Amino acid sequence: MATRGEFSSKFGFVMAAAGSAVGLGNIWGFPTQVASNGGAAFVFVYLVLTFVLAYPVLMAELLVGRYAKSNSIDAYPKITNYKKSAFLGVWGTLTVSSILAFYSIVGGWLMAWALHYFTSLIGLTAIAAWLVEFSFERNILFTVLFSILTLLIVRQGVAAGIERWSVRLMPILLGLMSILIVYVGLQRGASEGWSVFIFPNFSRVFDIDLAISAMGQAFFSLSLGVGTMLIYGSYLSKSENMVSIGALVALVDVGVAILAGALIIPAMYVAQASGVDILDGAGNLISGDGLVFTVLPALFDNMRGLASLVPIGFFTLLLVAALTSSISMLEVPVSYITERKSGDRAKACYWVAGAILLASLIILLNFDALFGLVVSLTTEYSQPLLGLFICVIVGWFWNRNQLLEEIRLGNPEIEITLFWKIWPVYLQFVCPLIILLLFYHSFQS
Ligand code: PHE
C-alpha cells in the first residue's frame, strides 16, 4: 500500500483545517442566520454552543483520526474493536458527498458572479448578463468548473495539494475580507448595521428554535461529524499538541464568522441607505440567496470607479472560502478509495468527483424539489446526529486509557489541565444530552 500523506507543518495543518471550517457556512450562512434570527442574540447563542458543544466534538474527531491513522470508514472499528461501527464512517462519507454535491452548485454560482462583474467591467455586457441568469446551462457549466478546480487540488495529495493551496488561499481570504470590512464600514448607514450586530435582543436568547439553528450552524461551520476533521487529524504527526491545535482551528473559524457578520450586516444597512430594500414582507432582514444575489448586488450596482472592484473582491472571497472547504470534503471519500481499493489517488479522485457531479446534476435537474431538501437533511439533521454518535462511540466505547494516551502524545503536561480532567466525561455525558435535548425540542415545536 502507498504510504499515507502527512501535513508538513503545524501551520499547514491549521490553515488546511481552518480552511475546511471557514467556508460558505461562515461567510454566507452565519450572517444569514444572524439576519433572520434577531441579530446579536444569535451571535451569542452560537458562540456558547460552539464552545460547549462543537469544540468538544471537534476534538473527538481529530483524536480518533490521529489514533487510527486511517480513512474515516476504517477508523471507528479501530477504536471500538467492533466491525459494525464502520457504519458511522459510511454514513459520514455519504453525508459529506451529498454536501459536496450542493456545495459545488453554489461554488459554481459564485464563480459565475465573480466573472459577471469582471466581464461587465471590460464591457462584455451580453456575457455578463448571461452569467447571472439562473439557467440550467450556466448552472451545470459552472458546477463542472468548480468541481474540476476541487479535483485538481485534491489529486495532488495532502502536502502538495491540500496543504499548499490552503496556505496560499487562507491569507488571501483574510486580506480580502479585512479590506472589504474597512471599505463598507466607512460608508453611510454602516453604523446602524454595527449596532444590530453587536447589541443582542435578549428576549430571543432563550428561543429554542434559535438554539437549534445555532447548533446546526456550529456543526456545519466546524465541518463536524462527516469525517473531514477525522481525516485531517489522521494526517497530523503524533508529536503535535492536539488540544491547542484544535482550539486554534475553532477560534479561527469563529473569528472569521464574526468578521463575515461585521462585513455583511453593515453592508445591508449601507444598501438600505442607498435606497435598496433590505426587509422582506414580514419585516425581517432578507437572508439566504436573496441576500447574496439580490441585496448585495443592488448595493454593488451603485459602485463606480475603483469601487467597482469591490464586488469582484467579494465574490472571489466567497469562492476561495468555498474551495478550501470543498477540497476537504472530497478528501473523505477519496482517502477511503485510495487506501482500500485502488492505491491510485488520481484515479480515485476522478471516480469520486464524477459520481458527486452526477449527484449535482440530479439536484440541478430537480432543483426546486431537491436543493433545499438535501441542504436541510445533511446539515440540519445528519451532521448533529453524527455528532451525537461520535460522542457516544468515543465516550463509551473507546478504551479510556488509549484515549488518554492519544491526548497525551505531543502534550506531556496535559494532566494538570482542565481539558484532561473534564473533557472525556463531558463528552460522554453532557454533549449527547445537549444534542438530544435540542432535537427533542425541535420535534415538539
Ligand atoms: N465548514 C464548511 C463551511 O463552513 C462546510 C463543510 C461541511 C466542510 C462539512 C466540510 C465538511 O462552509
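Predicted model, so just to flag it, every value in this text is computed and none were measured.

Caption draft 1: Expanded view of helix α15 (residues 345–365). In this model, α15 (21 residues) spans 30 Å end to end at C-alpha, consistent with the 30 Å of a helix rising 1.5 Å per residue. Buried within α15 are the following residues: Arg345, Ala348, Cys349, Val352, Ala353, Ile356, Ser360, Ile363 and Leu364. Along the axis of α15, the buried positions cluster into a sector of 135 degrees, meaning they face one direction only. Relative to its buried face, α15 has exposed residues pointing more than 90 degrees away, namely Trp351, Leu358 and Leu365. The N-terminus of α15 is capped by Asp344, whose side-chain oxygen sits 3.1 Å from the backbone nitrogen of Ala346.

Caption draft 2: Highlighting the environment of Gly305. Among the structural elements, Gly305 can be located in the loop between α13 (288–301) and α14 (309–342). As a C-alpha pair, Gly305 and Leu121 span 184 residues in sequence and 9.9 Å in three-dimensional space.

Caption draft 3: Representation of the packing of helix α2 (residues 24–36) against helix α3 (residues 40–68) within the structure. Running from N to C, α2 and α3 point in directions that differ by 125 degrees, and their axes come no closer than 7 Å. Comparing the axis directions of α2 and α3 gives the class oblique. Here α2 contributes Phe30, Gln33 and Val34 to the contact with α3, which in turn contributes Phe42, Val43 and Tyr46. Broken down by class, the residue content of the contact of α2 with α3 amounts to 5 nonpolar, 1 polar and no charged.

Caption draft 4: Structural view of the site of the ligand. Of all residues adjacent to the ligand, which total 16 residues, the nearest are Ala21, Gly25, Tyr103, Phe220 and Ser221. For the ligand, an oxygen atom lies 2.6 Å from a polar atom in the side chain of Tyr103. Phe220 places a polar main-chain atom, nitrogen or oxygen, 2.8 Å from a nitrogen atom of the ligand. For the ligand, the accessible surface in isolation is 320 Å², of which the surrounding protein chains cover 100%. Counting only elements with at least two residues in the shell around the ligand, the list comes to α1 (10–21), α2, α10 (208–221) and α14. Looking at side-chain class alone, the shell around the ligand contains 6 nonpolar, 10 polar and no charged residues.

Caption draft 5: Fine view of the nonpolar core. In this structure, Phe13, Phe314 and Phe315 are the most contacted members of the largest nonpolar core, which totals 163 residues. With 18 residues, helix α12 (residues 242–273) is the largest single contributor of residues to this core. Apart from residues no more than four positions distant in its own chain, Phe13 is found in contact with Phe7, Leu62, Tyr232, Gly233, Leu236, Ile245 and Val249.

Caption draft 6: Examining the side chain of Gln428 more closely. With respect to the helices and strands, the residue Gln428 is situated in helix α18 (residues 418–444). The exposure class assigned to Gln428 is buried, which follows from its relative accessible area of 13%. Separated by 3.1 Å, the side chains of Gln428 and Arg400 make a polar contact. Other than its neighbours up to four places away in sequence, Gln428 contacts Gly395, Trp396 and Arg400.

Caption draft 7: View of unusual backbone geometry. One non-glycine residue, Lys69, lies in positive phi territory at about 45 degrees. Assessed through its relative accessible area of 23%, Lys69 is described here as partly exposed. Even without being a glycine, Ser223 presents a positive backbone phi close to 55 degrees.

Caption draft 8: Fine view of the pattern of salt bridges. The full count for this structure, using the stated rule, is 8 salt bridges. Its salt-bridge partner being Lys69, residue Glu6 comes within 3.6 Å of it at the nearest N-O pair. Taken together, the positions of Glu6 in the segment before α1 and Lys69 in the loop between α3 and α4 (72–80) put the pair 63 residues apart, joining distant regions of the chain. Judged by its relative accessible area of 40%, Glu6 falls in the partly exposed class. Put simply, Glu405 and Arg408 hold a salt bridge, and the shortest N to O gap is 3.3 Å.

Caption draft 9: Geometry of the packing of helix α7 (residues 136–155) against α15. In the contact formed by α7 and α15, the axes pass within 10 Å of each other and the chain directions differ by 160 degrees. It follows that α7 is roughly antiparallel to α15 by the angle criterion. As α7 packs across α15, the resulting crossing turns out to be right-handed. Across the interface between the two elements, Phe136, Asn139, Ile140, Thr143, Val144, Ser147, Leu151, Val154 and Arg155 from α7 touch Arg345, Ala346, Cys349, Tyr350, Ala353, Leu357, Ser360, Leu361, Leu364 and Leu365 from α15.

Caption draft 10: Focus on the state of the cysteines. Overall, the coordinates contain 0 disulfides when judged by the stated rule. Lacking any disulfide linkage, Cys391 is separated from the closest cysteine sulfur, that of Cys431, by 4.7 Å. Since its relative accessible area comes to 0%, Cys391 is described here as buried.

Caption draft 11: Up close: the packing of aromatic side chains. Summed over all chains, the structure comprises 32 aromatic pairs. When the ring of Phe7 is compared with that of Tyr232, the centres are 5.4 Å apart and the planes differ by 80 degrees; the resulting orientation is edge-to-face. Placement of Phe7 in the segment before α1 and of Tyr232 in helix α11 (residues 228–234) is noted, with a sequence separation of 225 residues between them. For the pair Phe7 and Tyr232, a shared accessibility class is recorded, and that class is buried. Stacked on the ring of Trp165, the Lys or Arg Arg168 has its end atom at 4.6 Å from the ring centre.

Reading the values: rules and limits
- For every chain, the first residue of its written sequence is number 1, and the numbers climb from 1 along that sequence.
- Selection of residues for local features in this predicted model requires a pLDDT of at least 70, selection of side-chain atom pairs for listing and counting requires 80 or more, and totals for whole chains, interfaces and linings are taken over all residues.
- Only hydrogens and water are removed before side-chain values are computed, so all heavy atoms of the structure are retained for them.
- To qualify as a helix, a DSSP run of H or I must reach at least 4 residues; to qualify as a strand, a run of E must reach at least 2; elements of each kind are numbered from the N terminus.
- To estimate the expected span of a helix, subtract one from its residue number and multiply by 1.5 Å.
- For every residue, the accessible area obtained with a 1.4 Å probe (protein chains only) is divided by the maximum for its type, and the residue is called buried under 20%, exposed over 50%, and partly exposed between those limits.
- Picture the helix axis, draw a direction to every C-beta atom, and the arc is the one those directions span.
- Counted as a polar contact is a pair of N or O atoms within 3.5 Å, where, for protein atoms, one must be capable of donating a hydrogen and the other of accepting one, and residues adjacent in sequence contribute only when both atoms are in side chains.
- To get an axis, a line is fitted to the C-alpha atoms, and for a helix only the part in contact is used. The angle between two axes follows their N-to-C directions and goes from 0 to 180 degrees.
- Should an angle fall under 35 degrees it is taken as roughly parallel, and over 145 as roughly antiparallel, whereas 65 to 115 is taken as roughly perpendicular and any remaining angle as oblique.
- In what follows, a contact means two residues having at least one pair of non-hydrogen atoms within 4.5 Å.
- Classes in brief: Ala, Val, Leu, Ile, Met, Phe, Trp, Tyr, Cys and Pro nonpolar; Asp, Glu, Lys and Arg charged; the others, Gly included, polar.
- Proximity is defined per residue: any heavy atom of the residue falling within 4 Å of a molecule or strand makes that residue near it.
- Each accessible area is a Shrake-Rupley result for a 1.4 Å probe, and residues are judged covered by the shown protein chains and nothing else.
- We define a nonpolar core as any set of buried Ala, Val, Leu, Ile, Met, Phe, Trp, Tyr and Cys residues linked to one another through side-chain atoms lying within 4.5 Å.
- Salt bridges, as used here, are contacts in which a Lys or Arg side-chain nitrogen is within 4 Å of a carboxyl oxygen on Asp or Glu.
- Here a crossing is taken to be left-handed if its near helix is turned anticlockwise relative to the far helix by less than a right angle, and right-handed if that turn runs clockwise.
- For the purposes of this analysis, a disulfide is any pair of cysteine sulfur atoms at a distance within 2.5 Å.
- We call Phe, Tyr and Trp rings a pair once their centres come within 6.5 Å, taking the six-membered ring for Trp, and we label the pair stacked below 30 degrees between planes, edge-to-face above 60, and tilted otherwise.
- Throughout this description, the term charge over a ring refers to an Arg CZ or Lys NZ atom that lies within 6 Å of the ring centre and within 35 degrees of the ring normal.

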